[in-house]
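# Breakdown of the fold
Each chain is listed here by its residues.
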Amino acid sequence: MQEPFMPIVFGNFFEPAYSDRNFRERSMERLRDLGFNAVILDSKAWEDFAVRFAGGEASRYVEGQEHMMRAAAACGLPVTFLALYMCGDNLYPHIRTSPPRLGEAVVYADGRKAQWPKYWSDQAREVQAAHVAGLLDTYGAQIARIRVKDADEDKEAKERIPLVSMWDPVCLPSFDEEGRARYIHWLRAKYGTIERFNAAYGTRHTAFETLVPEDWWFSLAFADREDAPYDAEDVHRMTRAFRMFADNMLWRSDELAEYFADMERRLRALNPALYLMPNLSQWNHYLNPDTRFQRDLEVMELWDTATRGLDMRRIAPHVDTALYTVLPVGSGCESEPYAVTCQCAHMRSLNPGRPFMAGVYWGRFLYGDIYRFVTPAETLGSIVGSGATGVMTYGWGGMDDGGVLHRLDEGFMASLREANAWARRVIPKLGRRVKSRVAILYPTATSVMAPFKVAFSEQARTDFLGLYRACRDWGYDPEIVEAQDLEAGLDADVLLIPEDPCYPAMPRPEAEEGLRRFVHAGGWLLHGTEPGMAGAVFPMGTKPTEGSCMTYRGEGGIPGGRGFMGLEAGAGDEVVARWREDGEVCICVTPVGSGGVFRMGFPAGYAFASRTMPHVPYSQGNRELYPLPLMDHPVLRDFLQTHAAMDAPFALRDVECSRFENGWIVVNHRSTAVTMHDMQDMQDILKKGRRIGTWDSAPSGQQGRLEGHSCACLLLTADHDAQDPPAS
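A few points on the structure. Predicted, not measured: the structure shown is a model, and the values here were computed from it.

## Re the state of the cysteines
One pass over the full model with this rule turns up zero disulfides. Of the cysteine sulfurs around C586, a residue in no disulfide, the closest is that of C588, at 9.6 Å. Assessed through its relative accessible area of 0%, C586 is described here as buried. Looking at C588, the relative accessible area reads 0%, which means it is buried.

Listed below in structure tokens is the structure:
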């Protein structure tokens, strides 16, 4: 059995230059004992590495890193490298005195050269490839080797050389002559003629050559909109402000896709055995924590991935595993374990048909010291349950909050030690994950271009997470899909569509046809307000409503959220629920072909993820009204159970269950223990002639009992029943 690859990043900016040798050596011993099996060194393209590659003297930093390699080898730990970084990396020049090698730098609008490479520059890419070549040539003997299958169906794994080939990619514009010409070339390719550009932007230019940066770059044209770049009305009217902001993000998306395609070619030319595993985002993706909620912390827009034009699905074909670093935090900087499992499902979708790794951020002290409330065991259980076959960890011994893992207490370390050991035992034994018949459409457009400063962004992100969380609580393990999957033909029974208000800026006509075919052929679609693609394919009239409370199956509920609508139900539609205040339609079903569309006049997922409940309106008197998850008949649960078979043998809030062809991963996010009895006699899954093989939990405990904030693997023996669904 192939052992899972579980490396950890050791070092950040100044480490190891300013720590003592004993700390490095003790750290390697501790990392080995915690269950990591490789170390990733912070070896970015700095000038002192180039000097060393050429045979020069080792700087204090490089000498420290070479000592770390020897210390790791003494503990049986191979190393690999975090080789390239978003901006070359000289964030602390007063400490890390060796400058980055950029090749060619972008130029700010005021004419200053930035410490940031031009991602499209051949010169910059040559420097980056040369740096990787230097790492391979100089330290090749110390680099880890792993065995990986190129595709799930491959029988044999191949030996590969893992490399963190980029960390947090962010493409900036350049306002020198070449950079301006490049962006204008992109505009010309998109719009074709200056007349079409004028029609879109509401301008009267005579030629593309007359455009100046204030005509096409948002922060220059709309400096007065720094606090709120655009709003829902801008999107609805497709104003110049929204079009320009969207175009800036789409240009970035194109540049990143082209960059990764070209760098794949360059790096594989160095060594075809390289296993490219870039970390595409450091602190979650789309479900980023909004630092405006964090006291005494500088607001850093850069860490909001919706400012980057980052479309990971376009990058994924050019790497060996598309991964990013997750942490159990919601957009309000509160602990949220489902942010991990939701994003790991997204990483699975980025890597169709091949094994994938996930990234996790241990030791994050900000966001209320989150690991006081969420344990490594439950977090790693969610990652393994997603189907990940390896885990990259960040980080140990760095300068800032990225490297405080080594400072955490023994209680945390004990949970991490047990969880790592559990994952290394369990992953090689698991069969293939069983594919769910429920899918959630990823809100690509809004994730690419709606930063938190856009008023609707937080609700849209929570709506996506809420749909996922509701599915897990009610016994489903949904797939995350994107437009490409609809174009190819979606194999599912139910598709949930979260809010995607920015969809008009990234329409996908072929995917819309795929969605139409899916429903006509018998699929069921659910959406709330701002349905994006669903609204384009199955439009429905809406009207303003005074409603904030609904009646469903004779029971009162309060959805929560903003943007409630009354639905204009047609003659063939079934009215399912109404707003209590004005009687307008709140939920209705529209039959379409052999399937149908289930419409909600409120943000469906947000209603199930919100941690607050509005006050019962005075107009409702003393009537009992509850948040949707606490109703006797939660509407989303009823919909799912009507149209799709459950993936899990039980449904229990805050307990995940992921099905594999030979067993289950169960994760308990509660603070209290659950047992087989709580899980509605999970033994029922054994009735088809199978029996329990092993119950393996972290932390270890009684068979069939899962402690709070822990995980377990239930492996089965005997033959599979012929009626079992296929694995994915």
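After presenting the structure, the write-up continues.
## A few points about the packing of aromatic side chains
Applying the stated criterion across every chain, the model contains 41 aromatic pairs. Measuring from centroid to centroid gives 6.0 Å for F49 and F53, while their planes differ by 40 degrees, and the two rings are tilted. Placement of the pair is F49 and F53 together in helix 2 (residues 47–53), with a separation of four residues, close to one helical turn. An aromatic cluster is present here, built from W120, F175, Y183, W186, W216, W217 and W251 joined pairwise through their rings. Here the guanidinium or amino end of K44 rests over the ring plane of Y85, the centre of that ring lying 4.9 Å away. The aromatic ring of F452 is capped on one face by R461, whose charged end is 3.7 Å from the ring centroid.

## Re the packing of helix 11 (residues 338–350) against helix 16 (residues 457–473)
At a minimum axis separation of 10 Å, helix 11 and helix 16 run at an interaxial angle of 100 degrees. The angle between the axes of helix 11 and helix 16 places the two elements in the roughly perpendicular class. The residues of helix 16 that touch helix 11, namely those facing Y338, A339, T341, C342 and A345, are F464, L465, Y468, R469, R472 and D473.

## Digging into the nonpolar core
One finds L187, Y230 and M449 to be the most contacted residues of the largest nonpolar core, which totals 155 residues. When residues in this core are grouped by element, the largest group, 13 residues, is from helix 9 (residues 240–270). Apart from the residues within four sequence positions on either side, L187 is in contact with G192, F197, Y201, F208, L211, W216 and D247. Grouped together as the second largest cluster of nonpolar side chains are 43 residues, L465, L467, I480 and F602 included.

## Overview of helix 13 (residues 376–385)
For the α-helix, the turn length of 3.6 residues means that residues three or four positions removed from each other point alike. By the criterion of burial, helix 13 is predominantly enclosed, with ten of the ten residues buried. Listed as buried for helix 13 are P376, A377, E378, T379, L380, G381, S382, I383, V384 and G385. Positive backbone phi, approximately 105 degrees, marks G387, located one or two places after helix 13.

## A few points about the packing of helix 11 against helix 13
Look at helix 11 against helix 13: their axes get within 9 Å of each other, and the N-to-C directions meet at 20 degrees. Accordingly, the angle class assigned to the pair helix 11 and helix 13 is roughly parallel. Handedness of the crossing formed by helix 11 with helix 13: right-handed. The residues of helix 13 that touch helix 11, namely those facing V340, T341 and C344, are T379, S382 and I383. The class makeup of the residues in the contact of helix 11 with helix 13 is three nonpolar, three polar and no charged.

## A short note on unusual backbone geometry
A cis amide bond links Y394 with the next residue in sequence, G395, at an omega value of 0 degrees. Structurally, G395 can be placed in strand 11 (residues 390–396). Omega for the bond connecting A698 with P699 falls within 30 degrees of zero, at -5 degrees, which places this linkage in the cis form. If you trace the backbone, P699 turns up in the loop between strand 27 (691–698) and strand 28 (705–706). Although it is not a glycine, D168 sits at a positive phi angle of roughly 60 degrees. With respect to the helices and strands, the residue D168 is situated in the loop between strand 7 (158–163) and helix 5 (177–191). Residue classification places D168 among the buried positions, given a relative accessible area of 0%. Even without a glycine there, the phi angle at M238 is positive, about 50 degrees.

## Structural notes on the side chain of S382
Topologically, S382 is positioned in helix 13. Look at S382 and you get buried, because its relative accessible area is 1%. Here the side chain of S382 touches E656 through a polar contact of 3.0 Å, side chain to side chain. The residues touching S382, leaving out its near neighbours within four places in the chain, are V340, T341, E656, V667 and H669.

## A closer look at the sheet that holds strand 1 (residues 7–10)
Adjacent strands of a sheet form backbone hydrogen bonds with each other and so pair up, either parallel or antiparallel. Taken together, the six strands give an open sheet; going across it, the order is 3-2-1-11-10-9, and neighbouring strands pair in parallel fashion. What marks the edges here is a single partner per strand, and that holds for strand 3 (79–82) and strand 9 (325–326). By the bridge criterion, four bridges tie strand 2 (residues 38–42) to strand 3 in an arrangement that is parallel. Looking at the pairing, L41 lines up with F81 of strand 3. Strands strand 1, strand 2 and strand 3 of the sheet are contacted by helix 3 (residues 60–74), whose axis makes an angle of about 180 degrees with strand 2.

## Regarding the pattern of salt bridges
For the coordinates displayed, the defined rule picks out 46 salt bridges. For E255, the salt bridge goes to R182, with nearest N and O atoms at 2.6 Å. Residue E255 is found in helix 9, and its partner R182 is found in helix 5; the two are separated by 73 residues along the sequence. Notably, a salt bridge pairs D696 with R425, separated by 2.7 Å at the nearest N-O pair. Taken as a pair, D696 in strand 27 and R425 in helix 14 (residues 410–426) lie far apart in primary sequence, 271 residues in all. Since its relative accessible area comes to 16%, D696 is described here as buried. The network of salt bridges with shared partners includes D122, R125, E258, D262, R265 and R266.

Cut-offs used in this document
- Residue numbers restart at each chain and count upward from 1, following the sequence in its written direction.
- In view of the model being predicted, local features appear only for residues whose pLDDT reaches at least 70, and side-chain atom pairs are presented and counted only at 80 or more, with totals across whole chains, interfaces and linings using the full set of residues.
- Hydrogens and water molecules were not included; the side-chain quantities draw on all heavy atoms of the structure.
- Throughout, disulfides are identified as pairs of cysteine sulfur atoms within 2.5 Å of each other.
- Burial status follows relative accessibility: with a 1.4 Å probe on protein chains alone, a residue under 20% of its type maximum counts as buried, one over 50% as exposed, and anything between as partly exposed.
- In summary, the pairing rule links any two rings of Phe, Tyr or Trp, Trp by its six-membered ring, whose centres are within 6.5 Å, and it sorts them by plane angle into stacked for under 30 degrees, edge-to-face for over 60 and tilted for everything else.
- Elements are defined by DSSP. Helices are runs of H or I of four residues or more, strands are runs of E of two residues or more, and each kind is numbered from the N terminus.
- Only lysine NZ and arginine CZ atoms are considered, and such an atom sits over a ring when it is within 6 Å of the ring centre and within 35 degrees of the ring normal.
- For every element, the axis is a line fit to its C-alpha atoms; helices are fit only across the contacting stretch, and the angle between N-to-C directions ranges from 0 to 180 degrees.
- Between 65 and 115 degrees an angle is taken as roughly perpendicular, under 35 as roughly parallel, over 145 as roughly antiparallel, and anywhere else as oblique.
- Pairs of residues are marked as contacts when any of their non-hydrogen atoms sit within 4.5 Å.
- Definition of nonpolar core: a set of buried residues of the types Ala, Val, Leu, Ile, Met, Phe, Trp, Tyr and Cys, connected through side-chain atoms within 4.5 Å.
- A clockwise turn of the near helix away from the far one marks a right-handed crossing, whereas an anticlockwise turn of less than a right angle marks a left-handed crossing.
- Following the grouping adopted for this structure description, the nonpolar residues are Ala, Val, Leu, Ile, Met, Phe, Trp, Tyr, Cys and Pro, the charged ones are Asp, Glu, Lys and Arg, and the polar ones are all others, Gly among them.
- By the criterion applied in these results, polar contacts are pairs of N or O atoms within 3.5 Å in which, for protein atoms, one can donate a hydrogen and the other can accept it, and in which residues neighboring in sequence qualify only through two side-chain atoms.
- A pair of strands is labelled paired if DSSP reports no fewer than 2 bridges between them.
- Salt bridge criterion: a side-chain nitrogen from Lys or Arg within 4 Å of a carboxyl oxygen from Asp or Glu.

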